[in-house]
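# Chains, contacts and geometry: an overview
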There are 2 protein chains.
Amino acid sequence: MKPLGPIPPGYEANAQGRLMIGSHDVAALIEAAGDTPLFVYHLGMVARRIDRLRAAIPSGLEIHYAIKANPFAPLVSAIVTMVDGFDVASDGELAHAIGAGMAAERISFAGPGKKARELEAAIRVGATINLESEHEADRALSIGEALGLKPRLAVRINPEFELRGSGMRMGGGAKPFGIDQHRVPALIRRLVQAGVDYRGLHIFAGSQSLDGQAIIEAQANSVALAKRIDEETGTRAPLVNLGGGFGVPYFAGDVALDVETIGAALAEQVDHDAARYAIELGRWLVAEAGVYLARVVDRKESHGKTFLVTDGGLHHQLAASGNFGTVVRRNYPVAVATKFGFVAEEEASVVGCLCTPLDRLADDAGLPRAEPGDVIAVFLAGAYGATASPSAFLGHPAAREIAISSESAVILT
Amino acid sequence: MKPLGPIPPGYEANAQGRLMIGSHDVAALIEAAGDTPLFVYHLGMVARRIDRLRAAIPSGLEIHYAIKANPFAPLVSAIVTMVDGFDVASDGELAHAIGAGMAAERISFAGPGKKARELEAAIRVGATINLESEHEADRALSIGEALGLKPRLAVRINPEFELRGSGMRMGGGAKPFGIDQHRVPALIRRLVQAGVDYRGLHIFAGSQSLDGQAIIEAQANSVALAKRIDEETGTRAPLVNLGGGFGVPYFAGDVALDVETIGAALAEQVDHDAARYAIELGRWLVAEAGVYLARVVDRKESHGKTFLVTDGGLHHQLAASGNFGTVVRRNYPVAVATKFGFVAEEEASVVGCLCTPLDRLADDAGLPRAEPGDVIAVFLAGAYGATASPSAFLGHPAAREIAISSESAVILT
């Protein structure tokens, strides 16, 4: 038996023993969507998550949403009014953010290898470009000049420090992201001389960390670094994006972050200057609000092991299969949604419908007995699910996606 | 410096030092396609590959193409006339195979968790269903009865043996694929009694093996197993699909398979009965015929390391980034296509344009000096590339794809 990850708080069973998402029975959600496989996103949970964070951090400190985590249109539109800005990573995401109603001056565009058409799109609408290299700065300046527009430019720093314990380190050594910190002051001076609209600094030291002290330390380092760069350049960064890095507990033994402690530390770090800072989060805001539902199509035995074969799989939920950024596969939180909270009766492995041994959703899990027709829920599906998976692989249809708005019966597709 | 995988034979530079694919300069191919990132598939190379295999194996033994490896429509249409059958893994692939002109009776449909609509589609058109479980057999029988059609059914066996040295083992233990071999005779008797059109056996022991002796051994085991099952059931499987498992050399030190030796062994194994057998290949037929082209957008230094940032990445070529089925990341064959065959001048890492440290195309590679505008080629991109990658991730456009037909200038999109 291998352990399953912890089911996020807020999910309960109804009297029929079926998983409820908000006020909705999963059976009703599947009927409304038409079929499985299905992603359901609970916008009320996202709102409560953001409210909790807002209460924990100093007043005025901005919360930005990195829409790469989940670009599903009804979800992005709902989040517009909940946060202070969006971070985008392509011209596609930029257009999506504008389309959702986010003001261009509240959008920042980070990411290496921005193409000419992307720089032009950002300059035309007035989004902030987080510069990833001196060469990108030159290109943005010359495109701005050609367009007769003053670009809004911020500088992304590759910091000397890293976010300890993060799933992905994005600082503390040679990196394709940002500009090594010792070269940043010269670039800022050049940008100011060139007369651009200097928008500040972006420091992203890592992601998916569950070590609160490490996050506090990285934030303190980021605040100190921003102040040092201000001093060295005689400028004042209008906004310092401290990055994110807040992880969620995917696996057995993982413990959720204490954002109240992180928020209290932030208050001390930023002192009376909170409005100058932003944190940028994707996963932490939306992961727990999403559930992936797949139906059991076959139940089979092989060499004494039980396999539940579903109509879903890694083409929709690559990360849960253990094939995206993890070395050792571990089980996400998975449950039988039509027997939710029932006692585990057997050991079974949940697999997808792809004809490859990579397509596993839960290995050797303790589950109530599930039969064809039962529905499997994979939790933490609100971030890096549908769009971070190879949806065209093997020619199956894309997963359906719906969002439910608060506790009411409104379903958005 | 980390080694690069071996560039497949058949790729040369022209007088301008640019990679040629068939008779085409990559610069011309990119112009014809409109932009990078671009997959180019060389149909002449696929044809030569199949010719070579055909010459190596006994006459009459069927070659089937598993279209999951590369479903690009012009390529699939071209392969129809080169092989004896297609294997599909979903109703989407089934429709695609029929649309490309493959006769339904030459199509087999394997894969766990077939949905009711998939079984129905296969029975309606008369494709062979490779049954993955007794429960699937019951479902196919009842759908056939409801439709008043006699289903074409084969049985996929989960063999007791495995394909040694394969990248993915699909036999030799508890597996979600096929039916444990000791239960197969009872199922075949039941199918025959039910009056179905019994089409034979499917045995798939593994994939991506570069160990020719292991493949020969698995094929011998498969032939022997099929004969034993025939004897036990008093039937004669009309076709025995011996599976595939032929690997291609992705990484430094990998050596290409000697298919002539495998073919000679097959001739002995199948004796005078070659027409009763098929081998089913995907990767081996098409991988080497594909090249992924991405343009260098930025060249940057960080802590003494050089990064070439391209407009491509793992959203198109997930496997090359090391995030699909590999535990330790190693470099695929990668080259500067606009300085092809030039001597290595520096150590550089090639990354994609996604804002994640996972997006690497070559780590610490020895390359000629490349500047923005140069084109990077990632070889072995003909299989498990575009459709096996999370194309919607971060909102970038899908890769373009073109096929070139033989040595002529015909470009298919």
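It should be emphasised that the depicted structure is a prediction, and the values quoted were computed from it without experimental measurement.

This part takes up unusual backbone geometry. The amide bond that connects Thr36 of chain A to the next residue, Pro37 of chain A, takes the cis arrangement and shows omega of -5°. In this structure, Leu380 of chain A is a non-glycine residue whose phi angle is positive, near 60°. Structurally, Leu380 of chain A can be placed in the loop between strand E21 (375-379) and strand E22 (400-404). Assessed through its relative accessible area of 1%, Leu380 of chain A is described here as buried. With phi around 50°, Gln208 of chain B is a residue other than glycine that occupies positive phi space. With respect to the helices and strands, Gln208 of chain B occurs in strand E13 (residues 206-209).

Residues and elements named next belong to chain B. The sheet built from three strands is open, its strands ordered E1-E2-E3 with antiparallel pairing. Of all strands in the sheet, those bounded by a partner on one side alone are strand E1 (12-13) and strand E3 (24-25). One ladder, built from two bridges, connects E1 with strand E2 (residues 19-21); its direction is antiparallel. Bridge pairing links Ala13 to Leu19 in E2.

Taken together, the 68 residues of chain A in the interface contact 68 residues of chain B. Summed over both partners, the interface of chain A with chain B comes to about 5,400 Å²; 63% of that surface belongs to carbon and sulfur atoms. At the boundary of chain A and chain B, one finds zero salt bridges. Linking chain A with chain B are 30 residue pairs in polar contact (both at pLDDT 80 or more), by the criterion used here.

If you look at the biggest cluster of nonpolar residues, it comprises 281 residues, and the most contacted ones within it are Tyr65 and Phe86 of chain A together with Phe86 of chain B. Setting aside anything within four residues of it in sequence, one finds Phe86 of chain A in contact with Tyr65, Ile67, Val76, Ile79, Val80, Ala97, Met102, Arg106, Ile107 and Ser108 of chain A.

The subject of this paragraph is the packing of aromatic side chains. Tallied over the entire structure, the rule returns 24 aromatic pairs over all chains. Ring centres of Phe340 of chain B and Phe379 of chain B lie 6.0 Å apart, and the angle between their planes is 45°; this geometry places the pair in the tilted category. With Phe340 of chain B in the loop between strand E18 (334-336) and strand E19 (346-351) and Phe379 of chain B in strand E21 (residues 375-379), this pair connects stretches of sequence that are 39 residues apart. Above the plane of the ring of Trp284 of chain A lies Arg49 of chain A, whose end atom (NZ or CZ) is 3.8 Å from the centre.

Glancing now at the domain arrangement of chain A. Residues and elements named next belong to chain A. Split by domain assignment, chain A resolves into domain 1 (12-41 + 288-412) and domain 2 (71-281). With centres defined by C-alpha atoms, the gap from domain 1 to domain 2 works out at 34 Å. With 12 residues of domain 1 at the interface, the matching set in domain 2 holds eight residues. With both chains or domains summed, domain 1 and domain 2 bury close to 1,000 Å², and 72% of this area falls on carbon and sulfur atoms. It is Arg330, Tyr332 and Leu380 that lose the most area in domain 1 upon contact with domain 2, and together they represent 36% of the buried surface on that side. Taken together, the connections running from domain 1 to domain 2 amount to zero salt bridges.

Before going further, it helps to examine the confidence of the model for chain A. Taken over all residues, the pLDDT of chain A has a mean of 95, while the share at 70 or more is 98%. Interface predicted TM-score (ipTM) for the complex: 0.96; the corresponding pTM is 0.97.

Time to look at the pairing of strand E4 (residues 38-42) of chain A. The element E4 of chain A is largely enclosed, with a buried count of five among its five residues. The two faces of E4 of chain A match: Leu38, Val40 and His42 of chain A on one face and Phe39 and Tyr41 of chain A on the other face are all buried.

This part takes up the environment of Arg48 of chain B. Position of Arg48 of chain B among the secondary structure elements: in helix H2 (residues 43-56). Distance from Arg48 of chain B to Leu285 of chain B, taken between C-alpha atoms, is 9.4 Å for residues 237 residues apart in sequence.

With that settled, consider the pattern of salt bridges. Across all of its chains, the model carries 56 salt bridges over all chains by this definition. Where Asp138 of chain A meets Arg190 of chain A, a salt bridge forms, and the shortest distance between an N and an O atom there is 2.8 Å. Of this pair, Asp138 of chain A sits in helix H6 (residues 134-147) while Arg190 of chain A sits in helix H7 (residues 184-193); the two residues are 52 residues apart in sequence, bridging distant segments of the chain. A salt bridge links Asp180 of chain B to Arg183 of chain B; the nearest nitrogen and oxygen atoms lie 3.8 Å apart. The structure contains a network of salt bridges with shared partners spanning Lys2, Lys305, Arg329, Arg360, Asp363 and Asp364 of chain A.

Calculation criteria
Residues numbered from 1 in each chain as written. Chains lettered and ligands numbered in written order. Predicted model: local features only at pLDDT ≥ 70, side-chain atom pairs only at ≥ 80, totals over all residues. Heavy atoms only, no water. Helix = DSSP H or I, 4+ residues; strand = E, 2+ residues; numbered from the N terminus. Buried < 20%, exposed > 50% of the residue type's maximum accessible area, 1.4 Å probe, protein only. Pairing = 2+ DSSP bridges. Contact = heavy atoms within 4.5 Å. Buried area = accessible area lost by both parts, 1.4 Å probe. Salt bridge = Lys/Arg side-chain N within 4 Å of Asp/Glu carboxyl O. Polar contact = N/O pair within 3.5 Å; in protein donor to acceptor, adjacent residues only side chain to side chain. Core = buried A, V, L, I, M, F, W, Y, C linked by side-chain atoms within 4.5 Å. Phe/Tyr/Trp six-rings, centres within 6.5 Å; stacked < 30°, edge-to-face > 60°. Lys NZ or Arg CZ within 6 Å of the ring centre and 35° of its normal. Domains from an automatic or database assignment. pLDDT = per-residue confidence, 0-100.

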